[in-house]
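# Structural overview for review
Residue strings, one per chain:
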Amino acid sequence: MSVSNKNTTFASMNKNQFRGHTAIILANTIFGLGVPVTKFLLEDWVTPMTYMASRCIGATLIFWVISMFLPKEKVEKRDLLVIMAGGLLGFVISQTLTAWSLKFTTPVYFSLISTLTPIATMLMAAMFLGERITREKSLGVNLAIIGAALMVFVGWQAGAGSNDLLGIFLAILSVLTWVVYLLITRKVSQKYTAVTQMKWIFLVSTIAVLPFSWHEFPQTALYGGQFGWDGAAAMLFIVIFATVLGYFLIPYAMQYLKATTVSIYTNIQPVVASLVAIAIGQDVFTWDKPVAAVLVLLGAWLVTRKE
């Protein structure tokens with residue numbers, strides 16, 4: 001290969017990686033904003049299950065309409081099963097756990113737990129893919145665990161949520177299911193466009209969620225006769241930005257980046273979510289939050305430093 005060809009390939013790789021990094025940064029900024037917005041909706045307007053159903057139905061309609069104007073893409077049956085399984089794990093289960101977690105704990109605690117994503121990714125990659133854990137990574141895992149344990153202890157003693165201990169536990173489960181989603185959909189994310197993947201993910205998610213939520217719609221303030229523009233605007237933000245745009249950007253970024261690299265950017269979420277939540281009075285600043293944040297973020301940095 002000539003020098004000019006090598007330079008062209010390198011420039012193309014840098015351009016694609018830049019697109020991937022930009023997409024995942026934007027996605028996690030949106031997700032960070034979505035945490036306090038979700039808390040607001042759950043407190044005043046919807047139940048966790050009607051919240052999930054609204055996201056599923058809205059995203060399904062939008063992605064299928066968009067797909068009608070794009071070239072048709074045939075998906076192999078085996079890959080379709082992986083995409084659907086990923087949707088059930090990465091959206092239905094993970095995001096339902098997120099909604100219930102925010103019902104019980106504060107946006108700051110939830111967001112800090114979400115920074116454990118790269119650590120969980122590393123541990124699962126070691127367990128199932130045989131990746132080696134170095135001393136440095138082991139230290140990072142231990143620091144992150146100490147930070148998470150501090151949040152659990154303080155939340156149990158005097159948390160600001162209605163049941164911080166339960167909320168933190170559900171947040172951890174949400175992180176674990178999200179990591180499994182990243183790992184199992186890594187290959188199919190490189191084969192198909194984001195719209196193709198998302199239209200099937202949200203279709204199967206709608207089918208899974210509706211039987212558990214349809215009867216709750218009349219009981220909610222947003223859908224049961226107490227309509228308000230602030231609630232409607234918040235739900236539109238969740239559907240259009242935190243669901244459609246955010247979940248479009250993730251498989252797009254994974255075409256160019258590793259799953260571990262994608263997981264690193266989860267650390268943007270607690271910064272955005274915490275600042276907004278404290279600013280609007282959803283949470284209060286206490287000593288354990290910055291200490292836990294330093295421990296967890298330092299642990300995540302040690303685990304993914306080479307990335």
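Preceding this section is the structure that the text describes.
Residues numbered from 1 in each chain as written. Predicted model: local features only at pLDDT ≥ 70, side-chain atom pairs only at ≥ 80, totals over all residues. Heavy atoms only, no water.

### With respect to the overall build of the chain
In terms of helices and strands, the chain carries 13 helices and 0 strands. In the chain, the succession of helices and strands from N to C terminus is α-α-α-α-α-α-α-α-α-α-α-α-α. Relative to its full complement of 307 residues, the chain shows a buried share of 52%. The contacts in the chain between residues at least 6 apart in sequence include a share of 91% that link residues at least 24 apart. Just so you have it, the chain exposes about 14,800 Å², and 70% of that area is on carbon and sulfur atoms. (Helix = DSSP H or I, 4+ residues; strand = E, 2+ residues; numbered from the N terminus. Buried < 20%, exposed > 50% of the residue type's maximum accessible area, 1.4 Å probe, protein only. Contact = heavy atoms within 4.5 Å. Areas by Shrake-Rupley, 256 points an atom, 1.4 Å probe, with all protein chains shown as cover.)

### Considerations on the packing of aromatic side chains
Counted by the stated rule, this structure contains 13 aromatic pairs. Summarising the aromatic geometry, the rings of Phe-63 and Phe-202 are spaced 5.8 Å apart at their centres and angled 10° between planes, so their arrangement reads as stacked. Of this pair, Phe-63 sits in helix α2 (residues 48-67) while Phe-202 sits in helix α9 (residues 194-213), and the two are 139 residues apart along the sequence. Neither residue differs from the other here; Phe-63 and Phe-202 are each classed as buried. Geometrically, the ring pair formed by Phe-202 and Tyr-247 is edge-to-face, given 5.8 Å between the ring centres and 80° between the ring planes. Placement of Phe-202 in helix α9 and of Tyr-247 in helix α10 (residues 229-254) is noted, with a sequence separation of 45 residues between them. Tyr-247 matches Phe-202 in its accessibility class, with the two residues each being buried. Among the aromatic side chains, those forming a connected cluster through ring pairs are Phe-31, Phe-63, Phe-91, Trp-178, Tyr-181, Phe-202 and Tyr-247. A cation sits over an aromatic face here: Lys-199 above Trp-64, 4.5 Å from the ring centre. (Phe/Tyr/Trp six-rings, centres within 6.5 Å; stacked < 30°, edge-to-face > 60°. Lys NZ or Arg CZ within 6 Å of the ring centre and 35° of its normal.)

### Topic: the environment of Leu-81
With respect to the helices and strands, the residue Leu-81 is situated in helix α3 (residues 77-104). Under the relative-accessibility criterion, Leu-81 is labelled exposed at 61%. In this structure, the C-alpha to C-alpha distance between Leu-81 and Trp-200, residues 119 residues apart in sequence, is 9.7 Å.

### A closer look at the pattern of salt bridges
Evaluation of the coordinates by the stated rule reveals 2 salt bridges. The shortest N-O distance in the salt bridge between Asp-79 and Lys-191 comes to 2.6 Å. Of this pair, Asp-79 sits in helix α3 while Lys-191 sits in the loop between α8 (186-189) and α9, placing them 112 residues apart in sequence. When its relative accessible area of 8% is taken as the criterion, Asp-79 is described as buried. What emerges from the salt-bridge pattern is a single network uniting Glu-76, Asp-79 and Lys-191. (Salt bridge = Lys/Arg side-chain N within 4 Å of Asp/Glu carboxyl O.)

### Digging into the side chain of Glu-216
Turning to its location among the elements, Glu-216 is positioned in the loop between α9 and α10. Engagement of the side chain of Glu-216 in a polar contact is seen with the side chain of Thr-47, the distance being 2.6 Å. The contacts of Glu-216, once residues within four sequence positions are left out, are Thr-47, Met-49 and Thr-50. (Polar contact = N/O pair within 3.5 Å; in protein donor to acceptor, adjacent residues only side chain to side chain.)

### Description of the packing of helix α4 (residues 107-114) against helix α12 (residues 268-279)
Where α4 contacts α12, the axes come no closer than 8 Å and their chain directions differ by 175°. The angle between α4 and α12 falls in the class roughly antiparallel. Residues Pro-107, Val-108, Ser-111, Leu-112 and Ser-114 of α4 form the contact with α12, whose participating residues are Gln-269, Pro-270, Ala-273, Ser-274, Ala-277 and Ile-278. Grouping the constituent residues of the contact of α4 with α12 by class yields 7 nonpolar, 4 polar and no charged. (Axes fitted to C-alpha atoms, helices over the stretch in contact; angles between N-to-C directions. Parallel < 35°, antiparallel > 145°, perpendicular 65-115°, else oblique. Nonpolar A, V, L, I, M, F, W, Y, C, P; charged D, E, K, R; others polar.)

### A few points about the packing of α2 against α10
At a minimum axis separation of 9 Å, α2 and α10 run at an interaxial angle of 60°. Taken as axis vectors, α2 and α10 run oblique relative to one another. Our pair here, α2 against α10, has a crossing hand that is right-handed. Residues Tyr-51, Ser-54, Arg-55, Gly-58, Ala-59, Ile-62 and Phe-63 of α2 pack against Met-235, Ile-238, Val-239, Ala-242, Thr-243, Val-244, Tyr-247 and Phe-248 of α10. (Left-handed = near helix turned anticlockwise from the far one by under 90°.)

### Digging into a nonpolar patch on the surface
On the surface, Ile-62, Ile-66, Leu-70, Leu-236, Ile-240 and Phe-241 cluster together into a nonpolar patch covering about 480 Å² of accessible area. Elements supplying a minimum of two residues to the nonpolar patch: α2 and α10. When residues in the nonpolar patch are grouped by element, the largest group, 3 residues, is from α10. (Patch = residues over 30% accessible without salt bridge, like charges linked within 9 Å, V, L, I, M, F, W, Y side chains within 5 Å.)

### Things to note about α3
Helix length check: α3 (28 residues) gives 39 Å between terminal C-alpha atoms against 40 Å at 1.5 Å per residue, within 8%. Bending of α3 peaks at approximately 25° at the position of Leu-88. (Expected span 1.5 Å × (residues − 1). Bend = angle between axes of the 7 residues up to and from the residue.)

### A short note on the environment of Ala-194
Along the chain, Ala-194 turns up in helix α9. For the pair Ala-194 and Phe-248, spaced 54 residues apart in sequence, the C-alpha separation works out to 5.5 Å. For Ala-194, the residues in contact, after removing those within four places along its chain, are Phe-248, Pro-251, Tyr-252 and Gln-255.

So yeah, pure geometry; function would need other evidence.
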